[in-house]
Amino acid sequence: MPFNLPRVTKALLIANGVGFLLQWLLGNQRLVALMLWPWGDVDFDPAGMAPAFMPWQLVSYSFLHGGFLHLAFNMLALAMFGAPLEYTWGERRFLTYYLVSVVGAGICQLLVGSYALAQGADPYPTIGASGGVFGLLLAYGMLFPHQRVMLLFPPIPMKARTLVIVYGLFELGLGITGLQPGVAHFAHLGGMLFGWLLIRHWRGQPPFGGRGRGGPKMRIVR
């Protein structure tokens, strides 16, 4: 991981830090309008007495976190995978990709949470940059498939492509079985899905066009 982080990656790290600082200073109750709430039969109340989905939440939720460890792990992954992607893509394309992953993750979580609300579950908010981080992980595995990375728990080295597959299957299994409640597994998968679709769009690949047609070529490191 480079110590001289590129500008957009550094700005995202700072923005997430500011969001966490505001949570600490103001309390989560003052920031409920920035969390991602399910779409249901409730009215928006700025005081937070009846939270509801609002469009800006598809971005703002990603700058809030559930605790210091949640923030630390997400920011470590953002720096680790985001910096090489930004150096490869450039600032504008990298920021576009990250935001698409964040919004895509939010849309998937919105669908899941809204369905649960319709089935009688209590409304609950989603926060965290994990959806965008999982999108970055997917992109890193596609652009640098044979780059070796090290898991933290357990500390096992593996190729980036293998890591993406392992994490994707792991999140899918936990999302379907519900063995780890309180974690937005389908948001993680949504970040990966929308990131994958955007990369295929840039490459002009199906479902957006014929293979090799349209869009600038992307650097692949083998």
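The rules behind these values
- Along each chain, residues carry numbers from 1 onward, in the same order as the chain's sequence is written.
- In view of the model being predicted, local features appear only for residues whose pLDDT reaches at least 70, and side-chain atom pairs are presented and counted only at 80 or more, with totals across whole chains, interfaces and linings using the full set of residues.
- Hydrogens are left out, water is left out, and the side-chain values use all remaining heavy atoms of the structure.
- Axes here refer to lines fitted to C-alpha atoms; in helices the fit is confined to the stretch in contact. Angles between the N-to-C directions go from 0 to 180 degrees.
- A run of DSSP states H or I qualifies as a helix once it reaches four residues; a run of E qualifies as a strand once it reaches two. Both are numbered from the N-terminal end.
- Each angle gets one of four labels, with under 35 degrees taken as roughly parallel, over 145 as roughly antiparallel, 65 to 115 as roughly perpendicular, and the rest as oblique.
- The contact criterion used is simple: two residues touch if any of their non-hydrogen atoms lie within 4.5 Å.
- Buried Ala, Val, Leu, Ile, Met, Phe, Trp, Tyr and Cys residues form a nonpolar core when they are joined through side-chain atoms within 4.5 Å.
- Each residue gets one of three labels from its accessible area relative to the maximum for its type: buried under 20%, exposed over 50%, partly exposed in between, using a 1.4 Å probe on protein chains only.
- pLDDT is a per-residue confidence score from the predictor, ranging from 0 to 100.

Participant: Sorry, what's going on with the packing of helix 1 (residues 7–26) against helix 4 (residues 91–118) here?
Facilitator: Interhelical geometry of helix 1 versus helix 4 gives an angle of 40° and a closest axis separation of 9 Å. Our classification of the angle between helix 1 and helix 4 gives oblique. Touching Arg 7, Val 8, Thr 9 and Leu 12 of helix 1 are Glu 91, Phe 94, Leu 95 and Tyr 98, all from helix 4.

Participant: What is the right way to look at the environment of Ala 160 in this model?
Facilitator: By the element assignment, Ala 160 lies in helix 6 (residues 160–177). Separated by 21 residues in sequence, Ala 160 and Ala 139 have C-alpha atoms that sit 9.8 Å apart. When sequence neighbours within four positions are dropped, the list of residues in contact with Ala 160 reads Tyr 140, Gly 141, Phe 144, Pro 145, Gln 147 and Val 149.

Participant: Can you walk me through the nonpolar core in this structure?
Facilitator: In terms of nonpolar packing, the biggest core is built from 45 residues, with Phe 81, Leu 85, Trp 89, Tyr 97 and Leu 136 touching the most fellow members. Going through the elements one at a time, helix 1, helix 3 (68–89), helix 4, helix 5 (130–143), helix 6 and helix 7 (185–203) are the ones with two or more residues in this core. In terms of residues, this core owes the most to one element, helix 3, which gives nine residues. Filtering out sequence-adjacent residues up to four positions away, Leu 136 remains in contact with Leu 78, Phe 81, Gly 82, Leu 85, Phe 94, Tyr 97 and Tyr 98. Counting residues in each nonpolar core, the second largest holds five residues, with Leu 31, Val 32, Met 35 and Trp 37 among its members.

Participant: What should I look at first to understand the confidence of the model for the protein in this one?
Facilitator: Of all residues in the protein, 86% have pLDDT values of 70 or greater, and the mean over the chain is 86. Counted against residues more than four places away or in other chains, residues 213–222, with its pLDDT under 50, gives 23 contacts.

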